[in-house]
Amino acid sequence: MAEKQTQAVEVPDIADQNDPLEGLIDRVKSEGKPAAFEVPTLAALGALDRDNPAEFERLLADLKGQGVGLTVLRQKIKQHGPRGDGSSDSQLDTLAEVMGEFDLFCDAAGTAYASGANRGIWSTVKVRSSAFREALVLKYYEATDSAPNNDALGAAVNLASAKAHHTTTRREVGKRYALHDGLIYVYRADPENHQIRINPALPDGFEQITAEESPVRFLTRPELAELPEPVAPSDRDKLLMAFQQLTPFERVDNFRLFVAAILDAMQPEGPHVVTIITGLQDSGKSKRMQMFTRLVDPQQSEGVGKPKGEWDIFCEVRALHCLAYDNLSGMSGDVSDVFSRIAYGGTFRARTHHQMDEFTSLTGCCPVVLAGIGDFVVKADLIDRSVFLRVEPIAAENRLPDAELWARFEALQPELLGLFYGALAEGIRNRGRVLIVNAPRMVDFLRRVSEAEPALWDTKGLIDAAFRRNLIERITMLLNDDPFALAVFDLMDGLRTWEGTATALQDALKDFADEETRSSRLWPSNPTWLGRRLPHVANTLRHLGVKIETDSSHTGTHRKIQITYTPDDSLPDSGDELEPLVIWRNATNTKTTKQNPSKVRHKYKKNSVGGEL
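1. Some words on helix α15 (residues 402-429)
Compared with the 40 Å implied by 1.5 Å per residue over 28 residues, the 39 Å span of α15 between its first and last C-alpha is a close match. Its maximal kink placed at glutamine 413, α15 deviates by approximately 45 degrees, while the proline proline 414 follows within four residues.

2. Brief notes about the sheet that holds strand β17 (residues 497-500)
Whenever strands of a sheet pair, they do so through backbone hydrogen bonds, lying parallel or antiparallel. One open sheet accounts for three strands, arranged β17-β19-β18; its pairing is antiparallel. Whereas interior strands pair on both sides, the edge strands pair on one side only; in this sheet they are β17 and β18 (546-550). Mean inter-strand twist for the sheet, computed between neighbouring axes without regard to direction, equals 10 degrees. Both β18 and strand β19 (residues 561-565) contribute to a ladder of five bridges, which runs antiparallel. Bridge assignment links threonine 550 to a residue of β19, and that residue is isoleucine 561. Across the sheet, helix α18 (residues 483-493) lies against β17, β18 and β19, angled at about 65 degrees from β19, the strand it touches most.

3. As for the pattern of salt bridges
Counted under the stated rule, the structure contains 32 salt bridges. Measuring nitrogen to oxygen at the nearest pair gives 2.8 Å for the salt bridge that ties aspartate 297 to arginine 176. One end of the pair, aspartate 297, is in the loop between α11 (285-296) and α12 (310-319); the other, arginine 176, is in the loop between β4 (173-174) and β5 (177-180), with 121 residues separating them in the sequence. Take aspartate 297: its relative accessible area is 0%, and that puts it in the buried class. For the salt bridge of arginine 474 with aspartate 384, the shortest nitrogen-to-oxygen distance reads 3.7 Å. Separated by 90 residues along the polypeptide, arginine 474 in helix α17 (residues 462-480) and aspartate 384 in the loop between α14 (380-383) and β15 (386-391) bring together distant segments of the chain. Of the two residues, arginine 474 and aspartate 384, both sit in the buried class.

4. Observations concerning the packing of α11 against α15
As a packed pair, α11 and α15 sit with axes 10 Å apart at the nearest point and diverge in direction by 40 degrees. Classified by the interaxial angle, the pair formed by α11 and α15 is oblique. In terms of crossing hand, the pair formed by α11 and α15 is right-handed. Residue-level inspection shows Lys287, Gln290, Met291, Arg294 and Leu295 of α11 in contact with α15, the latter providing Asp402, Leu405, Trp406, Phe409, Glu410, Gln413, Leu416, Leu417 and Phe420. Per-class residue counts for the contact of α11 with α15 are eight nonpolar, two polar and four charged.

5. A look at the sheet that holds strand β8 (residues 206-209)
Taken in spatial order, the four strands of this open sheet run β5-β6-β7-β8, and their pairing is antiparallel. Every interior strand has two partners, whereas the edge strands, β5 and β8, have only one. Looking at each pair of strands side by side, their axes are set apart by 25 degrees on average, direction ignored. Relative to β8, strand β7 (residues 195-198) runs antiparallel, the two sharing four bridges. Within β8, the position partnered with isoleucine 196 by the bridge is glutamine 208. Packed on one face of the sheet, α15 meets β6 (183-187), β7 and β8 and runs near 40 degrees to β7.

6. Quick word on the nonpolar core
Core analysis: the biggest nonpolar cluster contains 65 residues, and Ile198, Phe243, Ile262, Met266, Phe292 and Tyr421 have the highest contact counts within it. Apart from the residues lying within four places of it in its own chain, the contact partners of phenylalanine 243 are Phe255, Phe258, Val259, Ile262, Met291, Leu295, Phe409, Leu412 and Leu416. By size, the runner-up hydrophobic cluster in this structure holds 64 residues, among which are Met331, Phe376, Leu505 and Ile548.

Conventions used here
Residues numbered from 1 in each chain as written. Predicted model: local features only at pLDDT ≥ 70, side-chain atom pairs only at ≥ 80, totals over all residues. Heavy atoms only, no water. Helix = DSSP H or I, 4+ residues; strand = E, 2+ residues; numbered from the N terminus. Expected span 1.5 Å × (residues − 1). Bend = angle between axes of the 7 residues up to and from the residue. Pairing = 2+ DSSP bridges. Axes fitted to C-alpha atoms, helices over the stretch in contact; angles between N-to-C directions. Contact = heavy atoms within 4.5 Å. Salt bridge = Lys/Arg side-chain N within 4 Å of Asp/Glu carboxyl O. Buried < 20%, exposed > 50% of the residue type's maximum accessible area, 1.4 Å probe, protein only. Parallel < 35°, antiparallel > 145°, perpendicular 65-115°, else oblique. Left-handed = near helix turned anticlockwise from the far one by under 90°. Nonpolar A, V, L, I, M, F, W, Y, C, P; charged D, E, K, R; others polar. Core = buried A, V, L, I, M, F, W, Y, C linked by side-chain atoms within 4.5 Å.

All we've got here are geometric facts, nothing functional implied.
Have a look at this one:
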């Protein structure tokens, strides 16, 4: 029987098949761009992008050299490339799915945010930030074991921003402190993103909670340093004494105001007081400022110098709860005005880049602490919103190495935070029980710290007394630093009323200033400038019983100026002679009596800012 023969079937080699990409550059040169990019070629380009992105980009670079428009080409590749196998459209679909794990929302200013769990830790970031892009890449990698390309990632970010803006949810995002339903929340910025809830109903006044348990969202930023977990103090008086030894001031009043300023800076909302620490070299100003910020809003970078301008300051306000600037020896009037606006709430507005009719607004309010040598703040508006804390040079026997100083501070820090958070809870409990009479400009500061004071000292009114003495010191500083204001006061010290034009007032003041003073930049050189300077010194002189009014029916140098002096309305020589500004509503006697008039001319002309009052 003949053996059956089998017929061999020839299988063509894949390499022998035509590759649509082979000779693509030559076809572009000979056939032209439309004929070279048919559907099979586009599909092959999409497969190359999926399998070998580096070779794909090199081929695109060569095509660009032949005049091929890459933007249109990429769009055609997306249309005809393999779907569901790594194309940008497929990646965008996957990113849109993983995006559902985030809570997308906007704040009142229209900034888009995303909140979600990242490896079990709940955090909140801006949608248009590198942190959100990294979170999307990580989610995509966990789902597909690969990374998305930049086109798909950019489209996903745009999609997330659109979703955030079209949701009805509007939430405020805190930086370090936030107020919700009457309670204060503090962001620790630890690896687990814990928060501290300050509640007067709790035994210690505070508790630690997770970010997922909290109704408040805080922005996760790399600039923030970690706050240690607070601990209820075992001995309050001993703790305050130890803290005072680490931060010695010229007078105990200044230490109490330092504590009050820290407490005010922990308030989620303004207005806030500006804390100014002054002194000679080698007096520990920087260390006190750093202790201030490490208790209130610790940051990765410390010892920041003089800010450059308004834009830089407001950018920091948007990112940080507390601004701190060190080693200041002078300050321009513009920067001084910015700090005044920030402490009470202000806005910076500028034209948006590359836009003709759109504006970018930065709004914020935050506490400010400044440290420098001498009287580097000279503008009356900022001085009137500040507390001045003067420090003396450190004696050699009291100097500590930095390592030992910070070791002592870090040992006290958890209990100090527990003390301050307990005081904030006391302030919530006493809200509405404090009445401020003859309210000064910083009435909100005085009211809030007075409501919290019972948790710090057994005796009420210590901060009020320190504030009154500091008020006299600030008025003294304003008058001593302004020869023009001092001359107006000296003129009225021998009169009760004066009326005339700016020209007549300039002539009348010549007898109260020497030639050198009249030649300085602080002295108005002409009647027009004098008329502009009067409103700037009016508030200072008002504290001394001098009232300045102008007749609005005239203009220019013909406008009438009327100045009256009432000694009964002037401040006394000492803050101790001032009536208490703080009255508790449950006090049995809330009647106030008027002080006897006291002349202040001799004191304001002779006392230095740091002298005993």
